[in-house]
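# Observations on chain architecture
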Amino acid sequence: MAELLTAADLQLMQGLAQRVTATRPDLVNTDASFGELAWNWGRDHAAYGESWRHRLWFSGEELVAWGWAQLPRRVRRNDGSCKDVAGAYLAYQVHPEHAGLTDEVIGWYDTTAPGLERTVLPGAADSPGLRRWAAHGYAPDPADAWSQLNERDLTDVAEPSLPAGFSFRTAAEASPEAVVQGHVDAWAPTSYTAASYEGLRRAPGYRGDLHILVEAPGGTMACSAIMWLDELNETVEFEPVGTHPGYRRRGLARAMLVHGLRLAQAAGARHATVACMGASPQVRDLYYSVGFRELSRDAPLIKT
């Protein structure tokens, strides 16, 4: 049986993400950032960890590369439906000073997921890495589901403004049931459950005071977002950000983001990031409206 990806492993992976962020933030693809790692592990390790495979590469005692392969599985969603994931997906990171390890990561992935359709999201700025993937038979994914990472400095953050009757909350203040329902409403159909939230709260870097929500009159959580504070780089990452369908186009998400930026400032952050799907101009424009601009993007690849 494969060893499970533990919280201790995750902290090592987050440490590598922090070191790459410090010198080459444009090379941090969106699924290998400090916050994204915690979000993906926390919400899913209890339910789907058995279908994960991972490997860590060290130079001395320092982690310099890792691969995290997600193999076929059945995902059960809150509306009673199931989604069968038939292919394999790889999240990975290689320190730029050890770029030669990219070939080893690719070889490990190919032997870990033989006979499966394999996808991966390297950074578009990683030209040497893209050449290595191409040499191993990986080509641009026709689905082109690329993500864009956006950034801004935490200067001149405006005062947030909510409509009358709405208020800001944190997960530390709200009930677990309300926090979970806030996410489910925004992302339905979703596999997110109360167990997902419990796992998330055990993820390295999670802080209930940086898990923010907007409460509507009557008690419904209209918006929610989690902020992940990388204290080493004094940067905060929003992941995820979601709004209840019944409360969209009211300026609530924008107000929540601005509120979050001010909380991040108070927590010691000087910089912020947030990712969005590149094919979602409406979401991208929301982030641009609060001062974010493109930092980097992914280049989806596939091998059939």
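What counts, and at which threshold
- Residues numbered from 1 in each chain as written.
- Predicted model: local features only at pLDDT ≥ 70, side-chain atom pairs only at ≥ 80, totals over all residues.
- Heavy atoms only, no water.
- Helix = DSSP H or I, 4+ residues; strand = E, 2+ residues; numbered from the N terminus.
- Buried < 20%, exposed > 50% of the residue type's maximum accessible area, 1.4 Å probe, protein only.
- Contact = heavy atoms within 4.5 Å.
- Areas by Shrake-Rupley, 256 points an atom, 1.4 Å probe, with all protein chains shown as cover.
- Lys, Arg positive; Asp, Glu negative; His and termini not counted.
- Charge placed at Lys NZ, Arg CZ, Asp CG, Glu CD.
- Core = buried A, V, L, I, M, F, W, Y, C linked by side-chain atoms within 4.5 Å.
- Domains from an automatic or database assignment.
- Axes fitted to C-alpha atoms, helices over the stretch in contact; angles between N-to-C directions.
- Parallel < 35°, antiparallel > 145°, perpendicular 65-115°, else oblique.
- Left-handed = near helix turned anticlockwise from the far one by under 90°.
- Nonpolar A, V, L, I, M, F, W, Y, C, P; charged D, E, K, R; others polar.
- Buried area = accessible area lost by both parts, 1.4 Å probe.
- Salt bridge = Lys/Arg side-chain N within 4 Å of Asp/Glu carboxyl O.
- Polar contact = N/O pair within 3.5 Å; in protein donor to acceptor, adjacent residues only side chain to side chain.

## A few points about the overall build of the protein
- Along the backbone of the protein there are eight helices and 15 strands.
- Overall, the protein is about 55 × 45 × 35 Å in size when its C-alpha atoms are taken along their principal axes.
- Burial analysis of the protein (304 residues in total) assigns 51% to the buried set.
- Contacts spanning at least 24 positions in sequence make up 71% of the contacts within the protein whose residues lie at least 6 apart.
- When the accessible surface of the protein is split by element, carbon and sulfur atoms take 49% of a total near 13600 Å².
- Each charge class in the protein was averaged separately, 28 positive and 37 negative side chains, and the resulting centres sit 5 Å apart.

## Details of the nonpolar core
- Residues Met13, Trp66, Trp68 and Trp228 are the most contacted members of the largest nonpolar core, which totals 37 residues.
- Elements supplying a minimum of two residues to this core: α1 (7–23), α2 (34–48), β1 (52–59), β2 (62–70), α5 (176–187), α6 (194–201) and β11 (221–230).
- When residues of this core are assigned to their parent elements, the largest contribution, six residues, is made by α2.
- Both domain 1 (7–146) and domain 2 (152–297) contribute no fewer than three residues apiece to this core.
- Setting aside chain neighbours within four positions, we find Trp228 in contact with Phe34, Gly35, Ala38, Trp39, Leu200, Pro204, Gly205, Tyr206, Thr235, Val236, Glu237 and Glu239.
- With 30 residues, the next largest nonpolar core counts Phe166, Met227, Phe238 and Leu257 among its residues.

## Considering the packing of α2 against α6
- Close contact between α2 and α6 brings their axes to 6 Å; oriented N to C, the two are set at 135 degrees. Looking at the two axes, α2 sits oblique to α6. The crossing of α2 and α6 is right-handed. Between α2, through Ala38, Trp39, Trp41, Gly42, Arg43 and His45, and α6, the contact on the second element is made entirely by Ser196, Gly199 and Leu200.
- Partitioned by chemical class, the residues of the contact of α2 with α6 number four nonpolar, four polar and one charged.

## Overview of the environment of His211
- Topologically, His211 is positioned in strand β10 (residues 211–215).
- Linking His211 and Ala272, residues 61 residues apart in sequence, is a C-alpha distance of 15 Å.
- Residue contacts for His211: discarding those within four places in its chain leaves Arg169, Thr170, Ala171, Val179, Tyr197, Tyr206, Ala225 and Ile226.

## Here we look at the domain arrangement of the protein
- Each domain of the protein was delimited in the assignment, giving domain 1 (7–146) and domain 2 (152–297).
- Taking only C-alpha atoms, the centre of domain 1 and the centre of domain 2 are 24 Å apart.
- Contact with domain 1, which involves 32 residues of that partner, is made by 30 residues of domain 2.
- Buried area between domain 1 and domain 2, summed over both chains or domains, comes out near 2500 Å², and the portion from carbon and sulfur atoms is 63%.
- At the junction of domain 1 with domain 2, the criterion picks out zero salt bridges.

## A few points about unusual backbone geometry
- Here the bond from Ala188 into Pro189 is cis, since omega is -5 degrees, no more than 30 degrees from zero.
- Along the polypeptide, Pro189 turns up in the loop between α5 and α6.
- With omega at 0 degrees, the peptide bond leading from Glu239 into Pro240 counts as cis.
- Topologically, Pro240 is positioned in strand β12 (residues 235–243).
- Here Glu234, not a glycine, exhibits a phi torsion of approximately 50 degrees, which is positive.
- Tracing the sequence through the fold places Glu234 in the loop between β11 and β12.
- Overall, Glu234 belongs to the partly exposed group, its relative accessible area being 29%.
- If you check the backbone angles, Arg249 has positive phi at about 65 degrees while not being a glycine.
- Among the structural elements, Arg249 can be located in the loop between β12 and α7 (252–266).
- Its relative accessible area of 74% is what places Arg249 among the exposed residues.

## Digging into helix α4 (residues 127–135)
- The N-cap of α4, judged by a side-chain oxygen 3.1 Å from the amide nitrogen of Gly129 a few residues on, is Asp126.
- One or two positions beyond α4, positive phi appears at Gly137, with a value near 95 degrees.

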